[in-house]
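# Observations on the model geometry
Below are the chains, spelled out letter by letter.
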Amino acid sequence: MTARDPVLIPIGEKVQGGERLTRDDALALFQSNDLLTIGRLADRANRRNNGDRVSFAANQHINPTNVCVLRNTCVFCSFARMPREAGAYTRSLDEVFAEAEAARDNPTREFHIVGGLHPTVRLSYYLDLFRGLAARHPGVHIKALTAVEVAHLARLERMSVRDVLVAMQQAGVTSLPGGGAEVFSPAARATIADKKLSGEEWLGVHREAHRLGIPSNCTMLYGHVETLADRVDHLLALRALQDETRGFLTYIPLAYHPDHNELGEALGRTGTATTGFDDLKNIAVGRLVLDNIPHVKTHWPMVTPFISQVALTFGCDDLEGTVVFERVYHEAGAATPMWLSYDQIVSLIRGAGKEPVERDSLYRTIRTFEDWTPTDPGRKPGVPGVRPEGPEGPTFEISHRPQARARGQRTLPVLQAIESAE
């Protein structure tokens, strides 16, 4: 390896020697502009464990409700609504089961279920939902409820987090998604998610899940008000929990989208809040710091399929999946497609010189694609592959909420301090 940035030379030597990076190392990586060297180091680290294999899941997103008690305090979110706000919804079980029927026309292997913190929807609703999906689609994994939702249900039911997780596990949940982590920095959380579960509490829910044998994903939301040091400390906290439990399956850096939310208005941002440079760096640094988490995923709905394709040579070995019916990021203005077909995913992975592998929620191989050829539009019914035009669902819709607030109506606490200092 030849590093143009001399600061990266000792870091590169550590990576090649298999040594663990320190906080200073991670901060130096984020501060460096030598993206190609950082990417080369991350690619080397990834290849040691995953070779040229890049996995993806045939997954369908289900969002049972967008009603959320944190609607007015999670200012980065474009998905949540108050109970009587325009666009608010809470699906009946029959409506959710009807939407899930799209899985019968597609080779769906995973239901990804997240939603809002509804003030009155109880745990029994979710348990009936999980049991119903498991009975109707026995071959589909259920990855369900963020740590924030689990903790909310525990408060509603006056149960322990552990007991809620046990009930979910018995109803058919096989893993937890990684949402709700945002960034653990108390200062950043005071601006973007003042009343949300703290970073320590988020880690505590995942610790409990791992102890029960429920694996999970982990995330970091970047590109808003966090500092580079905040990013580093977040990664180190994830690494420390993984040292303890070995329960994280994959790390997913999530790019903040500023449209249709109050934070974007306060920051004066529209469209995409991050750059492709930053997106690739977050993938690569995540791979280098999180040496004990087996997989790193690029979430193409947030950063575009093309940035995700490049990320496959920057330490990333997972391309998310078909993400049928993804609402949360598209509410925030993501201009990416609403789903990708098998043909598109396999072509993206092959185009990066990698080997596509379909997986399930637990990263077990379902199929490889040595003999795969693009789907013939006139293929016979029943041949595996997502329909080129995409699936349809009776309750699926995207309804952007109007301008969140008139700018200046409410001051965001930490943001105000930052602006005053400037």
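Quick look at the structure, then.

Rules used in this analysis
Residues numbered from 1 in each chain as written. Predicted model: local features only at pLDDT ≥ 70, side-chain atom pairs only at ≥ 80, totals over all residues. Heavy atoms only, no water. Helix = DSSP H or I, 4+ residues; strand = E, 2+ residues; numbered from the N terminus. Polar contact = N/O pair within 3.5 Å; in protein donor to acceptor, adjacent residues only side chain to side chain. Contact = heavy atoms within 4.5 Å. Salt bridge = Lys/Arg side-chain N within 4 Å of Asp/Glu carboxyl O. Buried < 20%, exposed > 50% of the residue type's maximum accessible area, 1.4 Å probe, protein only. Pairing = 2+ DSSP bridges. Expected span 1.5 Å × (residues − 1).

### Looking at the side chain of E110
Of note, E110 is situated in strand β3 (residues 110-113). A distance of 3.5 Å separates polar atoms of two side chains, one belonging to E110 and the other to N59. At 2.6 Å, the side chain of E110 and the side chain of S361 are in polar contact. Apart from residues no more than four positions distant in its own chain, E110 is found in contact with A58, N59, Q60, V140, H141, K143, R359 and S361.

### Some remarks on the pattern of salt bridges
Oppositely charged side chains may form a pair once their charged atoms are brought near each other. Enumeration according to the criterion identifies 23 salt bridges in this entry. Taking the shortest distance from any N to any O, the salt bridge between E358 and R109 comes out at 3.1 Å. Here R109 lies in the loop between α4 (93-100) and β3 and E358 lies in strand β9 (residues 355-359), a separation of 249 residues in the sequence. You can call E358 buried: its relative accessible area is 0%.

### Here's the deal with the pairing of β9
Buried residues dominate β9, accounting for four of its five residues. One ladder, built from three bridges, connects β9 with strand β10 (residues 365-368); its direction is antiparallel. Following the sheet pairing, R359 is matched in β10 by T365. Where β9 folds back onto β10 in an antiparallel hairpin, the turn is made up of five residues, including Y363, whose phi is positive at roughly 65°.

### A word on helix α12 (residues 276-289)
In this model α12 runs 20 Å from its N-terminal to its C-terminal C-alpha over 14 residues, within 8% of the 20 Å that 1.5 Å per residue would give. For α12, the tally of buried residues reaches twelve of 14 residues, placing the bulk of the element in the interior. Among all positions of α12, only D278, D279, L280, K281, N282, I283, A284, V285, G286, R287, L288 and V289 are buried.

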